[in-house]
Structure formats: structure tokens, C-alpha cells
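Each chain, written out:
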Amino acid sequence: MKREDVHGDKALETSFDGSLVDAMQLALRAEDPIARAVPYMLSGGTDAKSFDDLGIRCFGFAPLRLPPELDFAGMFHGVDERVPVDGLKFGARVLDRFLDAC
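Residues numbered from 1 in each chain as written. Predicted model: local features only at pLDDT ≥ 70, side-chain atom pairs only at ≥ 80, totals over all residues. Heavy atoms only, no water.

S.K.: So what about a nonpolar patch on the surface? Which residues, and what values?
M.R.: A surface patch of nonpolar side chains, amounting to about 300 Å² of accessible area, comprises Phe 51, Leu 54 and Ile 56. What makes Ile 56 partly exposed here is its relative accessible area of 40%. (Patch = residues over 30% accessible without salt bridge, like charges linked within 9 Å, V, L, I, M, F, W, Y side chains within 5 Å. Areas by Shrake-Rupley, 256 points an atom, 1.4 Å probe, with all protein chains shown as cover. Salt bridge = Lys/Arg side-chain N within 4 Å of Asp/Glu carboxyl O. Buried < 20%, exposed > 50% of the residue type's maximum accessible area, 1.4 Å probe, protein only.)

Below, the structure is given as C-alpha cells:
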């Protein structure tokens, strides 16, 4: 069996530190003292590779608080995908704090 790449591109990796990460952590903890930002790998596409060519590090930050009983992973991109309004309000407050700090 032979494998053929249809599309190839560089992989990006960066450390999870610096003033932006600190601002994310502070904004989260102001709304939820036990919250923390964690690094993760995103399987979708972003503009990060283009920014990396310019020497700019990129981080995704989409704060959302979900109740433990919500099966969000099971609904993700499904016909019943939804999040609680309170979770969105939480995220908006965190993002507002984050942008004020930046």
C-alpha cells in the first residue's frame, strides 16, 4: 500500500507562556477562581501559520463554562449543538476582561 499526501504544510508548536497567557489566566480567575487556561491541539485550520511566518505567536482563547452534566462533546457539530446562555455570558465577561488587560 502506498500513501500519498494530498496537502502538506508545516506544523506549529509554541510554549504556553508569556504576557498573553498570563492575561488569559487572570481574566479567567477573576470570573472563576479555580479556572485555568490549558493548551490543546486544534484539528481545524487557523491563520496561525501565516502569522507564524511574520514571527507572531498565536493562541486561541474561547472561554466557555459548561455544566458537568452537559454532553457537549456528544453534541459538537451535531443537529442538537448548543451551549447554555450562562456559559456564553461567562465567556463574554472573561473576553471583556482579557481585552481590557491587553
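S.K.: Explain helix α4 (residues 85-101) residue by residue, including any values.
M.R.: An α-helix turns once per 3.6 residues; consequently, residues spaced three or four apart project the same way. Given a rise of 1.5 Å per residue, 17 residues ought to cover 24 Å, and the 24 Å separating the end C-alpha atoms of α4 matches this to within 8%. Taken together, the buried positions of α4 are Gly 87, Phe 90, Gly 91, Val 94 and Phe 98. An end-on view of α4 places all buried positions within 95° of arc, on one side of the element. In α4, the exposed positions that point more than 90 degrees away from the buried face belong to Val 85, Asp 86, Leu 99 and Asp 100. In this fold, the buried residues of α4 make contact with α1 (19-31). (Helix = DSSP H or I, 4+ residues; strand = E, 2+ residues; numbered from the N terminus. Expected span 1.5 Å × (residues − 1). Arc of directions from axis to C-beta. Contact = heavy atoms within 4.5 Å.)

S.K.: How would you summarise the state of the cysteines if you had to cite specific residues and measurements?
M.R.: In total, this model carries zero disulfides according to the counting rule given. Summary of cysteine pairing: Cys 58 is not part of a disulfide, and the nearest cysteine sulfur, belonging to Cys 102, is at 13 Å. When its relative accessible area of 31% is taken as the criterion, Cys 58 is described as partly exposed. Here Cys 102 falls in the exposed class, since its relative accessible area comes to 56%. (Disulfide = S-S within 2.5 Å.)

S.K.: Explain the side chain of Asp 32 residue by residue, including any values.
M.R.: As for its placement among the helices and strands, Asp 32 is situated in the loop between α1 and α2 (48-53). Setting aside residues no more than four positions away along its own chain, Asp 32 makes contact with Arg 65 and Phe 90.

S.K.: Break down α1 for me, citing the residues and quoting the values.
M.R.: Given a rise of 1.5 Å per residue, 13 residues ought to cover 18 Å, and the 19 Å separating the end C-alpha atoms of α1 matches this to within 8%. Val 21, Ala 23, Met 24, Gln 25, Ala 27, Leu 28 and Glu 31 are the residues of α1 that are buried. Tucked into the core, α1 has its buried residues touching α4.

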